[in-house]
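# Inside the fold
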Amino acid sequence: MRYTSRNMVMGILFLLMVLVLVPCVQGEFSLPPLPPADNSSNDTASKMQVGIYVISIDNLDMVKGSYTADFYLYFQWTDPSIEEAHFELINGEPSQGADSIQLNSENKSGPIKYEWYRVRGDFRIIPNNMDYPFESGTLKIQIEDLDHDRAHLKYVPLTEESGIEPGFVIPGWKLGDPTFSVTDPTYPGAPTYSRLSYNIPITNDMLASLLQTVVPPLLFCFIAGLSFLIHVRETDLVGLRYSLTTGMLISAVMYHFSQVGLVPGLGVLKLFDKFMIAVYLFLAITVVVTTFCYLAEHQWKRSDLVTPINRYGAVAAILMPVVLFWMLVTLV
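Notes on the structure follow. (Residues numbered from 1 in each chain as written. Predicted model: local features only at pLDDT ≥ 70, side-chain atom pairs only at ≥ 80, totals over all residues. Heavy atoms only, no water.)

In this section: helix α5 (residues 306-331). Taking 1.5 Å of rise per residue, 26 residues should cover 38 Å, and α5 covers 36 Å from first to last C-alpha, within 8% of that figure. All of the buried residues along α5 are Val306, Asn310, Gly313, Ala314, Ala317, Ile318, Pro321, Phe325, Leu328 and Val329. (Helix = DSSP H or I, 4+ residues; strand = E, 2+ residues; numbered from the N terminus. Expected span 1.5 Å × (residues − 1). Buried < 20%, exposed > 50% of the residue type's maximum accessible area, 1.4 Å probe, protein only.)

With that out of the way, let us pick up the nonpolar core. Ranked by internal contacts, the top residues of the largest apolar core, which has 33 residues, are Ile52, Val54, Phe71, Leu73, Phe75 and Tyr155. Looking at this core, the elements that each hand over two or more residues are β1 (46-61), β2 (66-77), β3 (87-89), β6 (113-124), β7 (136-145), β8 (153-157) and β12 (195-204). With residues near it in sequence (within four places) discarded, Ile52 still touches Phe71, Tyr72, Leu73, Ile141, Ser162, Gly163, Phe180, Leu196 and Tyr198. With 32 residues, the next largest nonpolar core counts Tyr132, Phe228, Cys293 and Ala314 among its residues. (Core = buried A, V, L, I, M, F, W, Y, C linked by side-chain atoms within 4.5 Å. Contact = heavy atoms within 4.5 Å.)

Turning our eyes to something else, we now look at the environment of Glu165. With respect to the helices and strands, the residue Glu165 is situated in the loop between β9 (163-164) and β10 (173-175). The spatial distance from the C-alpha of Glu165 to the C-alpha of Val54 is 6.1 Å, given a sequence separation of 111 residues.

In contact at an axis separation of 8 Å, helix α2 (residues 206-225) and helix α3 (residues 235-260) are set at 165° when each is read in the N-to-C sense. As far as their axial angle goes, α3 and α2 are roughly antiparallel. Considering the relative orientation of α2 and α3, their crossing is left-handed. In this structure, α2 contributes Gln212, Thr213, Pro216, Pro217, Phe220, Ile223 and Ala224 to the contact, and α3 contributes Leu244, Thr245, Met248, Ser251, Ala252, Tyr255 and Gln259. Classifying every residue of the contact of α2 with α3 gives nine nonpolar, five polar and no charged. (Axes fitted to C-alpha atoms, helices over the stretch in contact; angles between N-to-C directions. Parallel < 35°, antiparallel > 145°, perpendicular 65-115°, else oblique. Left-handed = near helix turned anticlockwise from the far one by under 90°. Nonpolar A, V, L, I, M, F, W, Y, C, P; charged D, E, K, R; others polar.)

Following this line, the structure appears as structure tokens:
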């Protein structure tokens, strides 16, 4: 997996935190003009212009890849042989209810024919949680004509007349600039239809993701790192160091499991999993250092080794997790 800026942010935050452990949209929807004639190719299929204006997006679940979109859908064409824009939602279905698809207005009498719908549909995309907790993706509204295949009809996007309601926001998420794409997917033994897709980029708020998922493990590391400040001359102090380190290690494991339950297993390590592996390494080093300090002081009777072990152990606890996280991000 390539090293992205979001990966770098997590690595830098991890490094900064553990260092303290060492003491010393578009315009309103309007009726578009008549599409210009396209004589630049031998494509004889009739052109049907399509505009999409999103009013709201509800029930967003990027982990499952599901959401509900409420939008206006506008069709305009000039071919008199096309009686109506008989369409279907490819990556979803109309929401439950009799008013999920409403024909607001139409005009079939003139040379320019149009239909204007209000649609509410439940859509799905394939979720990509590899960068969890930095979730991102593209919300799609895909349509195809039910009556005319690609040889007879081709969708043409109305870019200027499409968009998203300017006042619409999804708390905790940022919507990018929507784009259109028109493809001609083929299926064995089936006709080819023109497919129009309205693509809305979406990313979650990075600061909120850090506070909710990354900061708690860093606090575990900070608390466990305080053990480097505790001497091991007395056995009671050794027990205190073990309480800090092992307690935070158990807390980190339980926290990781709680987060894994929120995201379906992908069979591969997600970004958050790689981060937690680095956290485990830090906490494990604190336990190991405490053990060797105890052995040097109380069993080997080498008090002169306690300070070097503690000092170099603190340095290893800082550097090794950062290096491991970098290797996991760049190589795995």
